[in-house]
Amino acid sequence: MVTIISSTNRKKSVSKKLAHIYQGILEDKGVNTELIYLDELPADFIETALYDQAGKNKVFNTFRKKMIEAEKMVFIVPEYNGSFPGVLKAFIDGLAYPHTFRDKKAALVGISSGVQGAGLALSHLTDIFNYCGMHVLAQKPKLSRIEENLTENNLSELYHTLLEEQVDKLLRF
């Protein structure tokens, strides 16, 4: 089972479209997947599910359970102000530490409208996951100028190939 996380709470996000494409690549290879959308988080989870409130928000607890059960994870990470979305950090902070990430494996995919493909965001996130004891696949596609390379639910040939290569490595990882 590979759990794919669309790492923004923005409605109708490019991250969500890319998560579906990634899911299709995995399913074509016979891999079971689970999708997690951060736009489905409870609006009040920062007040009702973190720190001294951990485990008390029933809706957020379904996210916690899915993440604990995840064998391998894929994070589709949009670039927000040179890093990743704050909702992703809050989501990570609300998960069971260290059990959610320790000794698990993850792949990261960066997307941006600009030319850097969320490179800094992936670096920041890798540092956090390494701190939590998770192993992060070295190959991290940085999909820049995403709007020019994504139409409806079709990715450019180059970007699709990069994701397929990452999937193959993730499955062997």
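These figures come from a predicted structure and were not determined experimentally. (Residues numbered from 1 in each chain as written. Predicted model: local features only at pLDDT ≥ 70, side-chain atom pairs only at ≥ 80, totals over all residues. Heavy atoms only, no water.)

Asks: Would you explain the overall build of the protein in this entry?
Replies: When you go through the protein residue by residue, the secondary structure sums to 7 helices and 8 strands. Expected size for 173 residues packed as a compact globule is a radius of gyration near 16 Å; at 15 Å, the protein falls within 12% of this value. Each of the three principal axes of the protein carries a C-alpha extent, and together these read 45 × 30 × 25 Å. Residues classed as buried in the protein amount to 50% of the 173 residues present. For the protein, the proportion of contacts with a sequence separation of at least 24, taken over those separated by at least 6, is 77%. When the accessible area of the protein is evaluated, it comes to approximately 8,500 Å², of which 49% is carbon and sulfur surface. Treating the 21 positive side-chain charges of the protein as one cloud and the 21 negative ones as another, the clouds have centres 4 Å apart. (Helix = DSSP H or I, 4+ residues; strand = E, 2+ residues; numbered from the N terminus. Rg over C-alpha atoms; globule rule 2.2 N^0.38 Å. Buried < 20%, exposed > 50% of the residue type's maximum accessible area, 1.4 Å probe, protein only. Contact = heavy atoms within 4.5 Å. Areas by Shrake-Rupley, 256 points an atom, 1.4 Å probe, with all protein chains shown as cover. Lys, Arg positive; Asp, Glu negative; His and termini not counted. Charge placed at Lys NZ, Arg CZ, Asp CG, Glu CD.)

Asks: In this structure, what is going on with the nonpolar core? I would like to understand it.
Replies: With 32 residues, the main nonpolar core has Met-67, Met-73, Phe-75, Phe-91, Phe-101, Leu-125 and Phe-129 as its most contacted residues. Elements represented by at least two residues in this core include exactly helix H3 (58-69), strand E3 (72-78), helix H4 (86-94), strand E4 (105-111) and helix H5 (119-131). For this core, the element with the most residues is H4, which contributes 5 residues. Leaving out residues up to four positions away in the same chain, Phe-75 has contacts with Ile-5, Ser-7, Met-67, Leu-88, Phe-101, Ala-106, Ala-107, Leu-108, Val-109, Leu-125, Phe-129 and Met-134. (Core = buried A, V, L, I, M, F, W, Y, C linked by side-chain atoms within 4.5 Å.)

Asks: Is there a simple way to think about H4 in this case?
Replies: An α-helical turn contains 3.6 residues, so any two residues separated by three or four positions project in the same direction. Of the residues making up H4, those classed as buried are Val-87, Leu-88, Ala-90, Phe-91, Ile-92 and Gly-94. Tucked into the core, H4 has its buried residues touching strand E2 (33-37), helix H2 (45-48), H3, E3 and H5.

Asks: Help me understand the packing of aromatic side chains, please; the structure alone is not making it clear to me.
Replies: In the structure shown here, the tally under the stated rule is 6 aromatic pairs. Judged by centre distance (5.3 Å) and plane angle (5°), the ring pair of Phe-45 and Phe-60 falls under stacked. Here the residue Phe-45 occupies a position in helix H2, and Phe-60 occupies one in helix H3, the gap between them amounting to 15 residues. Residues Phe-45 and Phe-60 agree in their burial class; the two are buried. Grouped by ring-pair contacts, the aromatic residues Phe-45, Phe-60, Phe-63 and Phe-91 constitute a single cluster. (Phe/Tyr/Trp six-rings, centres within 6.5 Å; stacked < 30°, edge-to-face > 60°.)

Note that all results are geometric; they support no functional claim without further evidence.
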